Amino acid sequence: MLNVSTLWTVFVVNFLALGLIWAYVTRSYPKFAAARFWMASAFVGATGAMAALVRLFVASPVPLLLGAAGVIAASCLAAMGIQRFYDRPVSWRVMAATGALSLGGVVFFMVVVEHMQLRMLSYTLGQGLPLALSLRLLLSPPEGRVSPGARLSGIVIMTIIAILAARTAGNLLGGDFSSVAGSQSHAVMVLGLLFLSMTLNFGFLLMAMDRLRNEVADLALLDDLTGVANRRHLLQRLAEECARSERSGEPFSLLVIDLDGFKTINDTHGHAAGDACLRHFTLMAQTRLRPGDMLARTGGDEFCVVLPSSGLREAASIARRVLEVCRQDAAGCTSNDIPIAISIGVAEWDRSIGQFPDRLIAHADHALYAAKKNGKNDFAVYDPAPPLSPEPTEVARKFA
């Protein structure tokens, strides 16, 4: 025989433990806003479970109403945490209206008109509706990829809704699955909901771990100073583009950019001014790039731009646009502003490069040196020298 009071005690302990876990996550990752909602959901749910436990020993409707309010609020807060996790605006008004209407129905059908079936229906709607509204975000997230934690959370929510619907149907068919009845059927449902609430929070934790892991992975591929891709990310992207071009035969191009006189800027104005120049150049260059182009800082004052599906002519046009915006900015500099001058080397992938990005980088570097040799603040296109013609004597010897 399942003891209902013991189950509700376990419910309280479970929610308090989950609340402490989320409190630790909130403290460790203060920018992870969803954790605050899930922490509040756990503690509010624990409070509601405590009130429901008191109802078993006190003959008063007040603890039962407080328990219902706590459980309904916990469901709303859990749903709002899901919204916040996916960077959606939190539906405070919708959740407050849902909770108020649900709790109002519970009060009305308990105090004004005694009707257990409608009271439980109101209670079930308050529990299940907020979670049901969050299912779309979990199973069809905006970024298009469903994480394992989100999938688990979605399955658990659907199971919770199924249990709540079965309880409502049982009540409407003449049964009594309310906490007032305290039957074994009610105890089994409490046990099931206890297990599912733990599993749901485990799904939320998996979602948090997946998000934090992705953020760490993104940081490993970004330049700390400018926020654009770093050398590691550039090499990964070049390897992908080389493989794609070798399969399809469609070329792509690479720009290698160097800030002229950057050492002089550091020596004359200090490293803080040099860092400001790098950030400023990044912003200027991005205004002249297309969606899908990738700007990367490869070290010091050196940058690269990957131009997918672009031939040499189009790459030269983009290089000219980047160069012109720097020239215009330099011409407009006054007072203590430091004008920026750049040199650009342009190279296009071909069959001889194959799946070796370092060859393409070497070609673009060769063009960059040519641009600097021409007086800097300019761009040059890599043009491989034609093979030398054999000496006449060697030709004669071949056909002799």
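Attention here is on the structure that accompanies the text. The structure presented is a predicted model; accordingly, all values stated were derived computationally and were not measured. (Residues numbered from 1 in each chain as written. Predicted model: local features only at pLDDT ≥ 70, side-chain atom pairs only at ≥ 80, totals over all residues. Heavy atoms only, no water.)

1. Some words on the nonpolar core
Here's step 1: Formed by 31 residues in total, the largest nonpolar core has its most connected members in L255, I257, L259, F281, V322, I342 and I344.
Here's step 2: Among the secondary structure elements, those contributing two or more residues to this core are β1 (253-259), α10 (262-269), α11 (271-286), β3 (302-307), α12 (312-331) and β4 (342-348).
Here's step 3: Among the elements that line this core, the one with the most residues is α12, at eight residues.
Here's step 4: Beyond its immediate stretch of four places on either side in the chain, F281 contacts I257, L259, F303, V322, C326, I340 and I342.
Here's step 5: Residues A34, A35, A78 and L137 belong to the second largest nonpolar core, which totals 25 residues. (Core = buried A, V, L, I, M, F, W, Y, C linked by side-chain atoms within 4.5 Å. Buried < 20%, exposed > 50% of the residue type's maximum accessible area, 1.4 Å probe, protein only. Helix = DSSP H or I, 4+ residues; strand = E, 2+ residues; numbered from the N terminus. Contact = heavy atoms within 4.5 Å.)

2. Side note on the side chain of S102
Here's step 1: Relative to the elements of secondary structure, S102 occurs in helix α4 (residues 92-112).
Here's step 2: On the basis of relative accessible area, S102 is assigned to the buried category, the value being 5%.
Here's step 3: Other than its neighbours up to four places away in sequence, S102 contacts I72, S122, Y123 and G126.

3. With respect to the sheet that holds β3
Here's step 1: The sheet built from five strands is open, its strands ordered β2-β3-β1-β4-β5 with mixed pairing. The open sheet has two edge strands with one neighbour each: β2 (294-299) and β5 (379-381). Taken over all neighbouring pairs, the strand axes of this sheet differ in orientation by 20° on average, direction set aside.
Here's step 2: Inspection of the sheet shows β1 paired to β3 by six bridges, in the antiparallel sense. (Pairing = 2+ DSSP bridges. Axes fitted to C-alpha atoms, helices over the stretch in contact; angles between N-to-C directions.)

4. Overview of unusual backbone geometry
Here's step 1: Of note in the backbone geometry, S309 takes a positive phi value of approximately 55° without being a glycine.
Here's step 2: Relative to the helices and strands, S309 resides in the loop between β3 and α12.
Here's step 3: Despite not being glycine, K376 shows a phi value in the positive range, around 65°.
Here's step 4: Mapped onto the elements, K376 comes out in the loop between α13 (357-373) and β5.
Here's step 5: By relative accessible area, K376 is classed as partly exposed at 42%.

5. So, the pattern of salt bridges
Here's step 1: Tallying each qualifying case throughout the model produces 11 salt bridges.
Here's step 2: A salt bridge links R119 to E114; its shortest N-O distance comes to 3.3 Å.
Here's step 3: Owing to a relative accessible area of 6%, R119 belongs among the buried residues under this scheme.
Here's step 4: Since its relative accessible area comes to 54%, E114 is described here as exposed.
Here's step 5: One salt bridge connects K372 with D260, and the closest N-O pair in it is separated by 2.7 Å. Here K372 is found in helix α13, whereas its partner D260 is found in the loop between β1 and α10, with 112 residues between them in sequence.
Here's step 6: Given a relative accessible area of 24%, K372 falls into the partly exposed group.
Here's step 7: Several salt bridges share partner residues, and in doing so they unite R237, E241 and R244 into one network. (Salt bridge = Lys/Arg side-chain N within 4 Å of Asp/Glu carboxyl O.)

6. A few points about the packing of helix α3 (residues 61-85) against helix α5 (residues 116-133)
Relative orientation and spacing of two packed helices are given, respectively, by the angle between their axes and the distance between those axes.
Here's step 1: Viewed as axis vectors pointing N to C, α3 and α5 meet at an angle of 10°, and their least axial separation amounts to 7 Å. Comparing the axis directions of α3 and α5 gives the class roughly parallel. Listed contacts from α5 to A68, V71, I72, S75, C76, A78 and A79 of α3 are Y123, G126, Q127, P130 and L131.
Here's step 2: Considering only residue class, the contact of α3 with α5 consists of nine nonpolar, three polar and no charged. (Parallel < 35°, antiparallel > 145°, perpendicular 65-115°, else oblique. Nonpolar A, V, L, I, M, F, W, Y, C, P; charged D, E, K, R; others polar.)

7. So, the packing of α4 against α5
Here's step 1: It is at 7 Å that the axes of α4 and α5 come closest, and there the two elements cross at 165°. It follows from the interaxial angle that α4 and α5 lie roughly antiparallel. For the pair α4 and α5, the sense of crossing is left-handed. Contact residues: M95, T98, S102, G105, V106, F109 and M110 in α4; L118, R119, S122, Y123, G126, L129 and P130 in α5.
Here's step 2: Here the contact of α4 with α5 is composed, by residue class, of eight nonpolar, five polar and one charged. (Left-handed = near helix turned anticlockwise from the far one by under 90°.)

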